[in-house]
Amino acid sequence: MNTRLFPSTRTLAIVTLLVTGLDAAAQSGLTFSGSIQSDILLPQTDKTIRAQADEDVQTNTYVDLGLSSRYVDAGVRFEYLDHPLPGFESDFKGWGLPYFYGKVHLDKAELTLGDFYEQFGSGFVLRTYEERSLGIDNSLRGARLVLKPWQALTVKALAGRQRNYWKHNKAWITGADAELSIDQLLKPLSQNGHRLVFGASFVNKHEKDEDILIDATHRLNLPKDVTAMDLRLSWQKDAFSLLGEYAWKSQDPSFDNGYIYRNGQVAMLSASYSKKGFSALVMAKRSDNFSFRSRRSQNGTSSFINHLPAFTQDQTYALAALYPYATRPQGEWAYQAELGYNFKRRTPLGGRYGMNVKMNFSHVRGIDVQTLGGRGSDGYRSSFFKQGDETYYQDFDIQVERKLSKAFKLNLMYMNQRYNKTIVEGEGGMIRSNIFIADGKYQFSPKTTLRAELQYLTTPDDEGDWAFALAELSLVPHWMITLSDQWNCGKTDVHYYLGAVTYAIGAHRIQLGYGRTRAGYNCSGGVCRYVPASKGFTLSYNYNF
Amino acid sequence: MNKGIAIRYFSLLTLSLCTFIACDQVSEADRLIEIEGATVNRAVLIEDYTGQMCVNCPTATEEIHHLQAEFGAENVIAVGIFSGPFGVNPRTGANLPLTTDTGKDYFTHWGLLEQPVGIVNRHGASSYFDWAAIIHKELQRPTPVSIDIETFRLEGDSLAMQVCVRSAEAVSGHLQLWLTEDSIVGTQYFPNNVIDREYVHNHVFRTAVNGDWGTPVSLSQGQSVSQRFTCRKESSWTPGHLALVAFVYTDNDVLQTIRKPLNNTIGNE
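Nothing here was measured: the structure is a model prediction, and the numbers come from that model.

(A) Looking closely at the sheet that holds strand β14 (residues 224–232) of chain B. All names here are of chain B. With respect to topology, three strands assemble into an open sheet ordered β7-β8-β14, the strand pairing being antiparallel. Among the strands making up the open sheet, the edge pair consists of β7 (145–155) and β14. Across the sheet, the mean angle from the axis of one strand to that of its neighbour is 15 degrees, orientation sign disregarded. Pairing analysis gives ten bridges linking β7 to strand β8 (residues 158–167), with the strands arranged antiparallel. Bridging from a neighbouring strand, Val145 pairs with Ser167 of β8.

Written out as structure tokens, the structure is:
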């Protein structure tokens, strides 16, 4: 079904006035910018991987336009998602102008009207952002004011309604954030190289009542205002830094938590050391009932007001990313430690050109839960420091990057992974795997480089072993040719092959490809969504101006 | 810059934020609001799109049982349509034992992507938390249509049924007949890697008797029409556990639903 979301006539008039005003203020320096991103699939049926071709052409296309000047900016985005690529939620379909804004920015103040993105602290109570590959855009439509009355103090205030695909949820979101650089107030601190910042945030969701029945004659008395607050303190001196952050949320019965009345909380502590040649990081986080949406009955990926960062490393290698963990806002303990060291060149371990070693360990498990009841109750009790019985995810990886000659660079990686597929996807048990990766790049000439990857994942679980190979030839400045194959040598013997040719000139980039993409599950809030397999020709175009 | 003013402003801001924190907390004694019981004017159909490998689906099934206990099993008629990605073997794509091709077609037709999910009286997909409120509202909506399953019996290897549809107003739609079966013992996945191989499945969709999308029916005011249908009994079905679900639907509404079990092998007139 076509669904459009056009701005009102009044809003269009405001944007037009702004644009006209910018034109008249050309002497202030008017800059026009934008981008076009279009991904197109011509799907084909493939019985081996169960790919279906329900449409002739599928595309996700975005066009961003912006005008900026010394004091005023304006922008608009056109989206065409009426025949979207596979794997997006059904409400994702539509086309129109869902994003537009006007901004006035002065020396100490900035006012935005229209759609905007914002984050408070680490995002525990507010993070609105766009992630096109996941179909996420939870921008707010309203007003945002940022004040910097002094160098040491930044204050933000905002109010608006949140985008939910092609409409806006009815709930009103209001919020404020303040950050104070204490080192700017206490001179001895800054004079001794200390940086100390204290932050406080508050977000309120006002949502009208609705009928959630628990039996034929009783419905829940739902709180119409849900408040979340966040406190954080960060300290940095030389190579050391520390961050502590705590967030709390009032009663928020919702689909995500089974309509219980338990308050939510998140606590995070991180410490890092970073100096030339050496870095270390340790972090711990505990989240408990902290899903925060602008529509209490929403499920899926839409309408989150906040975002809890994942404590697992984003993997770019195909087999290392085969079993990705998704943060569970319902509750988890997460730990992460990273270590990086650069062995200098012309040392015994560094060799002629030097060697870089990185290690990462991530562990996520459940929190303690003592069930009290279901809908309408407090849900459960949970001892803060007690861990739950179940491991959700764990990985340890070590990467070694070394230049072996003037032309050849090698990156080796080993990863041990445990992935609780039942927790994340709804079924499958614990997947235990070892992954071996070799990534080599050889520069034949200043204009010709060949990169090759070989990966192997071995596991007795799920679909068994996988192998992956990739070859990528770069012919600077314009061409890149990529061939890859991901082969399930364990149980199915299916090859997921891909070939692509990329041409780049100036700000234009176009890629033509053909191949298969594997199916998988995307789970959120107790409901799992299937992302189907696909096969066919792909065309991608990017242009930035 | 006056640091004293800055600190004062910041403290004031932080205190202001804190004053908002304790608002709208509902004490345990105040969490339930009494409402009027529903006046039943029609039965309501729940199409429960479920799967044997769907770990959250038993929770939706429990909700159905709870709603039937609250509103009456004759008023809340559920059909468990095994389908979707959790109704097939994830490696081979083959149907799990309770999944049917018709059920999969329905899942695709409604554009469903997740499980568990239900469709109540064909008013769009909804989660099981919402069913109670939807059913409470739907039960009270008047309808001009009544359905009577006059006969439903086993005749040899076939099932024969006579269904009469009456309407107090002019109505145009489709009559759909589905066979369901109770008490099927089979596998069901649960959270925490639990697999129950002796789970008892009820109201399982077996087949659409009169075509996937039913038979057109058009009635003038006060008119009734009675039709006879037959379908072959599969050997895997247990006759004593079978039931016939009949409903009349339009583009976006189910006007009336009825369910009648097959009680004996001769007939149940």
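Once you've had a look at it, read on.
(B) View of a positive patch on the surface. Together, Arg345, Arg346, Arg352, Lys403 and Lys406 of chain A make up a positively charged patch on the protein surface. Looking at the element boundaries, Lys403 of chain A is found in strand β23 (residues 387–403).

(C) Expanded view of the interface of chain B and chain A. Taken residue by residue, the interface counts 52 residues in chain B and 64 residues in chain A. Of the roughly 5300 Å² buried between chain B and chain A on both sides combined, carbon and sulfur atoms contribute 63%. Where chain B packs against chain A, one counts two salt bridges. In this structure, Arg31 of chain B engages Asp378 of chain A in a salt bridge whose closest nitrogen and oxygen atoms are separated by 2.9 Å. Taken together, the links from chain B to chain A amount to 15 residue pairs in polar contact (both at pLDDT 80 or more).

(D) Looking closely at the state of the cysteines. Residue and element names in this part refer to chain B. Counted according to the given criterion, the structure contains one disulfide over all chains. Here Cys54 is linked by a disulfide to Cys57, with a sulfur-sulfur distance of 2.0 Å. A torsion of 85 degrees about the S-S bond marks the disulfide between Cys54 and Cys57 as right-handed. Both residues of the pair, Cys54 and Cys57, belong to the buried class.

(E) Geometry of the pattern of salt bridges. Residue and element names in this part refer to chain A. Counted by the stated rule, this structure contains 49 salt bridges over all chains. A salt bridge links Asp288 to Arg262; the shortest N-O distance between them is 2.6 Å. One end of the pair, Asp288, is in strand β18 (residues 278–288); the other, Arg262, is in the loop between β16 (240–249) and β17 (264–275), with 26 residues separating them in the sequence. Here the residues in one salt-bridge network are Asp64, Arg77, Glu79, Glu130, Arg132, Asp137 and Arg163, joined through shared partners.

(F) Expanded view of the side chain of Asn210 of chain B. Residue and element names in this part refer to chain B. Along the chain, Asn210 turns up in the loop between β12 (204–208) and β13 (215–219). By relative accessible area, Asn210 is classed as buried at 11%. A polar side-chain atom of Asn210 sits 3.3 Å from a polar atom in the side chain of Gln176. Engagement of the side chain of Asn210 in a polar contact is seen with the backbone nitrogen of Leu177, the distance being 3.0 Å. Filtering out sequence-adjacent residues up to four positions away, Asn210 remains in contact with Leu175, Gln176, Leu177, Thr215 and Phe229.

(G) Broad picture of the nonpolar core. One finds Val125, Leu126, Val203, Tyr323, Leu457 and Trp466 of chain A to be the most contacted residues of the largest nonpolar core, which totals 48 residues. Not counting chain neighbours up to four residues away, the residues in contact with Val125 of chain A comprise Phe120, Ser201, Val203, Ala228, Met229, Asp230, Ala247, Phe290, Phe292, Ile305 and Asn306 of chain A. By size, the runner-up hydrophobic cluster in this structure holds 27 residues, among which are Ile214 and Leu220 of chain A together with Val26 and Ile35 of chain B.

(H) Representation of the packing of aromatic side chains in the model. Here the structure, examined in full by the defined rule, presents 37 aromatic pairs over all chains. Geometrically, the ring pair formed by Trp479 of chain A and Tyr503 of chain A is tilted, given 4.7 Å between the ring centres and 55 degrees between the ring planes. Of this pair, Trp479 of chain A sits in strand β28 (residues 479–487) while Tyr503 of chain A sits in strand β29 (residues 495–505), and the two are 24 residues apart along the sequence. Its relative accessible area of 25% is what places Tyr503 of chain A among the partly exposed residues. Ring pairs connect the aromatic residues Tyr106, Trp110, Trp178, Phe205, Trp213, Phe247 and Tyr249 of chain B, which therefore count as one cluster. Across from the ring centre of Trp166 of chain A, 5.2 Å away, lies the NZ or CZ of Arg163 of chain A, which sits over that ring. Here the basic side chain of Arg328 of chain A rests over the ring of Tyr392 of chain A, its NZ or CZ set 5.3 Å away from the ring centre.

(I) Broad picture of the confidence of the model for chain B. All names here are of chain B. On average, residues of chain B carry a pLDDT of 90, and 89% of them reach 70 or more. Long-range and interchain partners of residues 265–269, a stretch whose pLDDT sits below 50, account for 14 contacts in this model, where long-range means more than four residues apart. Predicted complex, confidence summary: ipTM 0.83, pTM 0.87.

(J) View of the packing of helix α2 (residues 57–71) of chain B against helix α4 (residues 128–139) of chain B. Residue and element names in this part refer to chain B. Interhelical geometry of α2 versus α4 gives an angle of 30 degrees and a closest axis separation of 10 Å. Accordingly, the angle class assigned to the pair α2 and α4 is roughly parallel. Pair α2 / α4 crosses with right-handed handedness. Note on element contacts: α4 touches α2 through Tyr128, Trp131, Ala132, Ile135, His136 and Leu139, opposite Thr59, Ala60, Glu63, Ile64, Leu67 and Phe71.

(K) Up close: the environment of Arg402 of chain A. Residues and elements named next belong to chain A. Within the secondary structure, Arg402 is located in strand β23. Residue Arg402 is classed as partly exposed on the basis of its relative accessible area of 25%. For the pair Arg402 and Gly354, spaced 48 residues apart in sequence, the C-alpha to C-alpha distance is 6.5 Å. If near-sequence neighbours (up to four positions away) are discounted, Arg402 is found in contact with Leu349, Gly350, Gly351, Gly354, Met355, Lys409 and Leu410. In terms of polar contacts, Arg402 uses its side chain to reach the backbone carbonyl oxygen of Leu349, at 2.8 Å.

(L) Just empty space enclosed by the protein, in detail. All names here are of chain B. For the structure shown, the criterion picks out five cavities of 30 Å³ or more. Estimated volume of the largest cavity: approximately 90 Å³. Around the largest cavity, the lining residues are Asp48, Thr50, Cys57, Pro58, Thr61, Gly80, Phe82, Gln188, Tyr199, His201, Asn202 and His203. Mapped by element, the contributors of at least two residues to the lining of the largest cavity are β2 (44–50), α2, β3 (76–82) and β11 (194–201).

Scoring rules and cut-offs
- Residues numbered from 1 in each chain as written.
- Chains lettered and ligands numbered in written order.
- Predicted model: local features only at pLDDT ≥ 70, side-chain atom pairs only at ≥ 80, totals over all residues.
- Heavy atoms only, no water.
- Pairing = 2+ DSSP bridges.
- Helix = DSSP H or I, 4+ residues; strand = E, 2+ residues; numbered from the N terminus.
- Axes fitted to C-alpha atoms, helices over the stretch in contact; angles between N-to-C directions.
- Patch = residues over 30% accessible without salt bridge, like charges linked within 9 Å, V, L, I, M, F, W, Y side chains within 5 Å.
- Areas by Shrake-Rupley, 256 points an atom, 1.4 Å probe, with all protein chains shown as cover.
- Salt bridge = Lys/Arg side-chain N within 4 Å of Asp/Glu carboxyl O.
- Lys, Arg positive; Asp, Glu negative; His and termini not counted.
- Charge placed at Lys NZ, Arg CZ, Asp CG, Glu CD.
- Contact = heavy atoms within 4.5 Å.
- Buried area = accessible area lost by both parts, 1.4 Å probe.
- Polar contact = N/O pair within 3.5 Å; in protein donor to acceptor, adjacent residues only side chain to side chain.
- Disulfide = S-S within 2.5 Å.
- Buried < 20%, exposed > 50% of the residue type's maximum accessible area, 1.4 Å probe, protein only.
- Core = buried A, V, L, I, M, F, W, Y, C linked by side-chain atoms within 4.5 Å.
- Phe/Tyr/Trp six-rings, centres within 6.5 Å; stacked < 30°, edge-to-face > 60°.
- Lys NZ or Arg CZ within 6 Å of the ring centre and 35° of its normal.
- pLDDT = per-residue confidence, 0-100.
- Parallel < 35°, antiparallel > 145°, perpendicular 65-115°, else oblique.
- Left-handed = near helix turned anticlockwise from the far one by under 90°.
- 1 Å grid on protein atoms, 1.4 Å probe; cavity = no way out; pocket = protein on both sides within 12 Å on 5 of 7 lines; lining within 4 Å.
- Points joined across faces, edges and corners; volume = space filled by probe spheres on them.

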